[in-house]
Amino acid sequence: QFMYNTSTVDRSFKHTSGCTVNQWDGMDQNGVAGYPWVTTIDCPEGSSYETKGIAAEGHLRFYLRQGSLSANGKTMDLMGDAYWMNENSYVELLIGSGSFVYIVGSEFSLKNDTNTTHRLSSFAADATERYYFGYD
């Protein structure tokens, strides 16, 4: 069993936004043949984290612990809200001030690409899904 804590973190740095990014390298994005990659982004009050691009390394799951998370214009603000994206799908991500987000699955490394039409499904299904506990 692998423990994600400060003694096992592979990379930890303060982003230019003021948010702290911790990254643990994994073995299997699905968590079946080994533990998945995990990234945490912790933004103190007054700092926020923005990025956009293609999930080129594999699928990603974003879990909100506190604060707010916006993915492709869909804002989530309840603990446990989640956003899932398939490999090669596009996201515009904003982690708000005073927020903490877990990112689980593949390595969190978005390819800088402006093409938002990447699809993986042979049925043209959505490449992302929001699991929102609030009301629209």
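We now turn to the structure provided with this report. (Residues numbered from 1 in each chain as written. Predicted model: local features only at pLDDT ≥ 70, side-chain atom pairs only at ≥ 80, totals over all residues. Heavy atoms only, no water.)

The next subject is the pairing of strand 4 (residues 49–55). Bridging between strand 4 and strand 9 (residues 90–95) involves six bridges; their strand directions are antiparallel. Residue pairing in the sheet places Ile54 in a bridge with Tyr90 of strand 9. Where strand 4 meets strand 11 (residues 110–111), two bridges bridge the pair, whose relative direction is antiparallel. Each residue of the ladder has a partner; that of Ile54, found in strand 11, is Lys111. (Pairing = 2+ DSSP bridges. Helix = DSSP H or I, 4+ residues; strand = E, 2+ residues; numbered from the N terminus.)

Here we come to the state of the cysteines. Under the criterion given, the structure shown has one disulfide. Covalent S-S linkage joins Cys19 and Cys43, the inter-sulfur distance amounting to 2.1 Å. Sign of the S-S torsion, about 110° for the bond between Cys19 and Cys43, identifies this disulfide as right-handed. Here Cys19 is found in the loop between strand 1 (11–14) and strand 2 (20–24), whereas its partner Cys43 is found in strand 3 (residues 37–43), with 24 residues between them in sequence. Pair check on accessibility: Cys19 and Cys43 agree, each one buried. (Disulfide = S-S within 2.5 Å. Buried < 20%, exposed > 50% of the residue type's maximum accessible area, 1.4 Å probe, protein only.)

We now examine the packing of aromatic side chains. Scanning the model with the defined rule gives seven aromatic pairs in all. Aromatic pair Phe62 and Tyr83: ring centres 6.3 Å apart, planes at 50°, arrangement tilted. Here Tyr83 lies in strand 8 (residues 82–85) and Phe62 lies in strand 5 (residues 60–66), a separation of 21 residues in the sequence. There is no split in this pair, since Phe62 and Tyr83 are both buried. Between Arg61 and the ring centre of Trp84, over which it is positioned, the NZ or CZ distance is 5.6 Å. One Lys or Arg, Arg65, reaches over the ring of Phe100 and ends 3.7 Å from the middle of that ring. (Phe/Tyr/Trp six-rings, centres within 6.5 Å; stacked < 30°, edge-to-face > 60°. Lys NZ or Arg CZ within 6 Å of the ring centre and 35° of its normal.)

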